[in-house]
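Descriptive analysis of the structure
This is what each chain is made of:
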Amino acid sequence: IQSYLSENCTNMDLTRVGILTVSDRVSRGEAEDGGGPLIQSYLSDNWTKSTLIFETRIVPDEQPLIEEALKNWSSNNIDLIITTGGTGFTLRDVTPEATRNVIWKEAPGLVIAMMQHSLSITPYAMLSRPAAGITKDQCLIINLPGVYFYYCRNSRRNNDQFNHFFFFD
């Protein structure tokens, strides 16, 4: 991912990253954002190709609001958007559908690679429905599950768990 972005970013020394947390409870202040800050911390500690600038946002599980956030960031020079949450099987889990409405080309290889490695860690990975792809503005969007990060937040193996999502290992 780092190599792709370093070759396709408008500013090779700078990568703009949007982290979108999708959660009804977090958006209402009823729960802590377990995923967004953890993703930001991990990328800050492990990204080597360029300087990162982060934008973060929390939205409820509402497809129009998710799409709006993705479109806004994509059209405003965000290079990479990582979503966390909304990839499960409940009626309100609509992040992959919102993502597919925004991307121009899907990146099934990213999804397959993440799922294969995730399944080697936990069988619960099969209960996630991520999407990934690029927009016409060349913004890469990747959906990650939200529940996963609540587990990782308290794990001593944070870096090992995250490496497979971002292909640093």
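Below you will find a few notes about this structure. (Residues numbered from 1 in each chain as written. Predicted model: local features only at pLDDT ≥ 70, side-chain atom pairs only at ≥ 80, totals over all residues. Heavy atoms only, no water.)

1. Re the pattern of salt bridges
- Scanning the model with the defined rule gives six salt bridges in all.
- Its salt-bridge partner being D24, residue R92 comes within 2.8 Å of it at the nearest N-O pair. Here D24 lies in helix 2 (residues 24-27) and R92 lies in the loop between strand 3 (80-84) and helix 5 (95-102), a separation of 68 residues in the sequence.
- On the basis of relative accessibility, which here comes to 36%, the residue R92 falls in the partly exposed class.
- We note a salt bridge from R100 to E106, for which the minimum N-O separation is 3.9 Å.
- R100 sits in the partly exposed class, given a relative accessible area of 37%.
- Taking the relative accessible area as the measure of exposure, E106 reaches 52% and is therefore exposed.
- Three or more residues are tied together by salt bridges with common partners; here these are D24, E62 and R92. (Salt bridge = Lys/Arg side-chain N within 4 Å of Asp/Glu carboxyl O. Helix = DSSP H or I, 4+ residues; strand = E, 2+ residues; numbered from the N terminus. Buried < 20%, exposed > 50% of the residue type's maximum accessible area, 1.4 Å probe, protein only.)

2. A word on unusual backbone geometry
- Residues other than glycine seldom take positive phi values, yet N77 does so here, at roughly 65°.
- With respect to the helices, strands and loops of the structure, N77 is situated in the loop between helix 4 (63-75) and strand 3.
- A positive phi is found at Q138, a non-glycine position, where the angle reads about 65°.
- Its place among the elements puts Q138 in the loop between strand 5 (132-134) and strand 6 (140-144).
- Look at Q138 and you get partly exposed, because its relative accessible area is 30%.

3. A look at the pairing of strand 6
- Within strand 6, five of the five residues are buried, which leaves it mostly tucked inside the rest of the structure.
- Both faces of strand 6 are covered, namely the face carrying L140, I142 and L144 and the face carrying I141 and N143.
- Here strand 5 pairs with strand 6 via three bridges, running antiparallel. Across the sheet, residue G133 finds its bridge partner in strand 6, namely I141.
- Between strand 5 and strand 6, which follow one another and run antiparallel, lie five residues, and Q138 among them has a positive phi close to 65°. (Pairing = 2+ DSSP bridges.)

4. Considerations on the nonpolar core
- Membership of the largest hydrophobic core comes to 19 residues, with the highest contact counts inside it found for V17, L43, L80 and I142.
- Within the residue set of this core, elements represented by two or more residues are strand 1 (14-22), helix 3 (36-46), strand 2 (51-59), strand 3, helix 6 (108-121), strand 5 and strand 6.
- When residues of this core are assigned to their parent elements, the largest contribution, four residues, is made by helix 6.
- If you look at the next biggest cluster of nonpolar residues, it comprises 15 residues, including A98, V102, I103 and I141. (Core = buried A, V, L, I, M, F, W, Y, C linked by side-chain atoms within 4.5 Å.)

5. Re the pairing of strand 3
- Most of strand 3 is tucked away, with five of its five residues classed as buried.
- Going residue by residue along strand 3, you find L80, I82 and T84 tucked away on one face and I81 and T83 tucked away on the opposite face as well.
- Pairing between strand 1 and strand 3: five bridges, direction parallel. Across the sheet, residue L20 finds its bridge partner in strand 3, namely T83.
- Across five bridges, the pairing between strand 3 and strand 6 is parallel. Bridge pairing links I82 to I142 in strand 6.

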